[in-house]
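# Structure at a glance
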Amino acid sequence: MSVGRIVKQFAPFKCVTVVMTERKREPPRDRIATPTHNAPQGILWNLSSSDTLKDRLARDTLEQLTDLVLTPLSGTGSTAVIQQNASEAEIFYNSTGFLRNLSSASQQTRQKMRECHGLVDSMVNYINNSLEVGKSEDKSVENAVCVLRNLSYRLYDEMPPSSLQRLEGQRRSDGATVTSELVGCFSPQSKKARELYVNSDIVTFTEVSKDPKGMEWLWNPQIIGVYNRLLQRCELNKHTTEAASGALQNITAGDRRWAGVLSRVALEQERILNPVLDRVRTADHHQLRSLTGLIRNLSRNARNKDEMSTKVVSHLIEKLPGSLSDKWPPTDVIVNIVAVLNNLVVESPIAARDIVYFDGLRKLFFIKKRRDSSDSEKSSRAASSLLTNMWQYNKLHRDYKTKGYRKEDFVGL
C-alpha cells in the first residue's frame, strides 16, 4: 500500500508521530511504539525516520497533509484564528513533527516542501496566531519554527533562479553605483553614507511582496519580525528560540546581497541585537552555536561597527575561555566569537579598546597559544588573525604594553 493511500484511508489526520531534535538540519529519531499507536501512524513515522524514503514520503503525503490538516488547523484562511479541540491539537502537533522530520532530509525533499502550496504559509500563520494569543511555548510552535529553520538551510543556493535574480540584481547595478559613490564622497561611517545605504535597501524591498505567499516567506523581511518576537516572548522552550536564531543565521549567511539586506533589517528595523544578547547570557553550548553564528553574520553586514561593538564585545569576551580550568565552549562557538570580534576590529577602534578593557587580550593570547588538537588549531588561527588586526591601532599600543604584551606577541605566530 502506498504512503498516499495510507494517509487517505486513515483520514482525518491520524498520520504522524515523531520525537523532536534540534540541529541546523535535524536528523530524525525513532519513537518507540505503544499499543495506542495504530498501524498507519507507525508506518508513516518509521518511514519518516529513514532518509532513503523521505523523498517518497514528501511526494505522497505533503499535499494531502497540507490540505486536510495544516491549512484548516493553523488559522490559515478567512478566520485567521486557531480553532482546535484537544484531538485536533494532537493531530496538528504530530503532523508538524512529521514535517520537522522530513525537512531535515535532502535538498530534493526541502524543495518539495517549499513548493507545496500552503505548507510554509501554514507554518508562519500558526506561529503568528500563537504569538497573538500568548502561546509561544506551544510544542507545535516549536515544530513549525524548526520546519522553517530547516527549509531556510542553503536557501540562496536552492531557491528558484528567478527569485534569486530579483533579490541579487541590484547588487551589480544600482547597489554597485551607490557603493562607489560613497567611497568617493563620504566616509563609510558618515551620516550621509548611512542614509544612502538605508535608502538603497528600502528601494530593494520593492523586489519582494508586501503580502508574501508560500516559500516567499522564507526570505521576506517580514519573517525577521516573526523570529524576533519568538526570541523575545518564548521564555521556557529553548528549542524554539534556538530554532528561531538558527533560521536567522541561515538567511543572513554568506556573501549574497540579500543576506546583507536581511542582516540590516534585523539590526536596524527589528533591533534584534538586544534579544539575541539576552539569549547569549543564559545559553547552553548548543544554543550558542546558532546565536554566535547569527551575530557573526550580523557583524559582517552591520553599517555602524562602533555601535555594535559597544553592545556585543563584553558579552562575547565573557564566553571565551582564559585558562584550562574554564569551561570550554565548542570550537565552532569560539571561532564564531573571535570572528565577530575580528569583523568589528577591522573597522572599529572601539572594538579593540573594549577587548582590552574587558580582559579580552588575556583570553585571546591563551587561545592563540593553545594548539594541542586540530580544533584548537582552528581557534588559534582565528585568534592570531584578530590580534594581528588589533595591532593596527597605534593609540592602543601603550595599553597593550601596560598589559605586558609586545608587538611580537600580536603579529608573531
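Residues numbered from 1 in each chain as written. Predicted model: local features only at pLDDT ≥ 70, side-chain atom pairs only at ≥ 80, totals over all residues. Heavy atoms only, no water.

Across its full length, the protein carries 23 helices and zero strands. Relative to its 413 residues, the protein shows a buried fraction of 54%. Sequence-distant contacts in the protein: of pairs separated by 6 or more residues, those separated by 24 or more amount to 75%. (Helix = DSSP H or I, 4+ residues; strand = E, 2+ residues; numbered from the N terminus. Buried < 20%, exposed > 50% of the residue type's maximum accessible area, 1.4 Å probe, protein only. Contact = heavy atoms within 4.5 Å.)

Structurally, T388 is set in helix α21 (residues 374–390). Overall, T388 belongs to the partly exposed group, its relative accessible area being 36%. Sequence separation between T388 and V411 is 23 residues; the distance between their C-alpha atoms is 4.9 Å. Not counting chain neighbours up to four residues away, the residues in contact with T388 comprise F410 and V411. Within polar-contact distance, the side chain of T388 engages the backbone oxygen of S384 at 2.9 Å. (Polar contact = N/O pair within 3.5 Å; in protein donor to acceptor, adjacent residues only side chain to side chain.)

Turning to the packing of aromatic side chains, a few remarks are in order. Tallied over the full model, the rule gives nine aromatic pairs. Ring geometry for W328 and F366: centres 5.6 Å apart, planes at 55°, overall tilted. Placement of the pair is W328 in the loop between α17 (305–319) and α18 (331–345) and F366 in helix α20 (residues 360–369), with a sequence separation of 38 residues. Measuring from ring centre to ring centre gives 6.5 Å for Y405 and F410, while their planes differ by 85°; the resulting arrangement is edge-to-face. In this structure F410 comes out as buried when scored by relative accessible area, which is 0%. Through pairs of rings, three or more aromatic residues link up here, namely F365, W391, Y400, Y405 and F410. Positioned over the ring face of W328 is R370, at 4.8 Å from the centre of the ring. (Phe/Tyr/Trp six-rings, centres within 6.5 Å; stacked < 30°, edge-to-face > 60°. Lys NZ or Arg CZ within 6 Å of the ring centre and 35° of its normal.)

The next point concerns helix α14 (residues 257–269). The first and last C-alpha atoms of α14 sit 18 Å apart over 13 residues, in line with the 18 Å expected at 1.5 Å per residue. With 11 of 13 residues buried, α14 is to be regarded as a mostly interior element. (Expected span 1.5 Å × (residues − 1).)

Below, the discussion takes up the nonpolar core. Within the largest apolar cluster, 103 residues are counted, with the highest numbers of intra-cluster contacts made by L99, L119 and M390. Among residues more than four places away in sequence, those in contact with L119 are L62, T66, L70, L99, M113 and L151. (Core = buried A, V, L, I, M, F, W, Y, C linked by side-chain atoms within 4.5 Å.)

Attention now goes to unusual backbone geometry. A positive phi angle, near 55°, is found at R154, a position not held by glycine. Even without glycine at this site, R271 takes up a positive phi of about 50°.

Take the pattern of salt bridges next. Summed over the entire model, instances satisfying the criterion amount to 22 salt bridges. The partner of K54 in a salt bridge is D51, and the shortest N-O contact between them spans 3.1 Å. Pair noted here: K54 and D51 are both in helix α3 (residues 51–73), with a separation of three residues, about one helical turn. (Salt bridge = Lys/Arg side-chain N within 4 Å of Asp/Glu carboxyl O.)

On to the packing of α18 against helix α19 (residues 349–357), then. Where α18 contacts α19, the axes come no closer than 7 Å and their chain directions differ by 135°. By the angle between their axes, α18 is oblique relative to α19. On the side of α18, the interface is formed by L341, L344 and V345, while α19 contributes A351, A352 and I355. When the residues that make up the contact of α18 with α19 are grouped by side-chain class, the tally is six nonpolar, no polar and no charged. (Axes fitted to C-alpha atoms, helices over the stretch in contact; angles between N-to-C directions. Parallel < 35°, antiparallel > 145°, perpendicular 65-115°, else oblique. Nonpolar A, V, L, I, M, F, W, Y, C, P; charged D, E, K, R; others polar.)

This part takes up α18. Helix length check: α18, at 15 residues, gives a terminal C-alpha distance of 21 Å against a target of 21 Å (1.5 Å per residue), a fit within 8%. Counting buried residues in α18 gives 14 out of 15 residues, a clear majority hidden from the surface.

Tracing the sequence through the fold places N228 in helix α12 (residues 222–233). Here E270 takes part through its backbone oxygen, which lies 2.9 Å from a polar atom of the side chain of N228.

So, about the packing of helix α15 (residues 273–282) against α17. Close contact between α15 and α17 brings their axes to 10 Å; oriented N to C, the two are set at 10°. What the angle tells us is that α15 and α17 run roughly parallel. Of the two possible hands of crossing, α15 and α17 adopt the one that is left-handed. Taking contact as the criterion, the partners of L273, N274, L277, V280 and R281 in α15 are, on α17, M308, K311, V312, H315 and K319. When the residues that make up the contact of α15 with α17 are grouped by side-chain class, the tally is five nonpolar, two polar and three charged. (Left-handed = near helix turned anticlockwise from the far one by under 90°.)

Position of H315 among the secondary structure elements: in helix α17. When its relative accessible area of 17% is taken as the criterion, H315 is described as buried. With residues near it in sequence (within four places) discarded, H315 still touches L277 and R281.

The predicted model of the protein averages 83 in pLDDT, with 79% of residues at 70 or higher. Scored below 50 in pLDDT, residues 29–42 makes 24 contacts in the model with residues more than four places away or belonging to other chains. Here residues 171–190 is modelled with pLDDT under 50, and outside its nearest four sequence neighbours on either side it reaches 24 contacts, counting other chains as well. (pLDDT = per-residue confidence, 0-100.)

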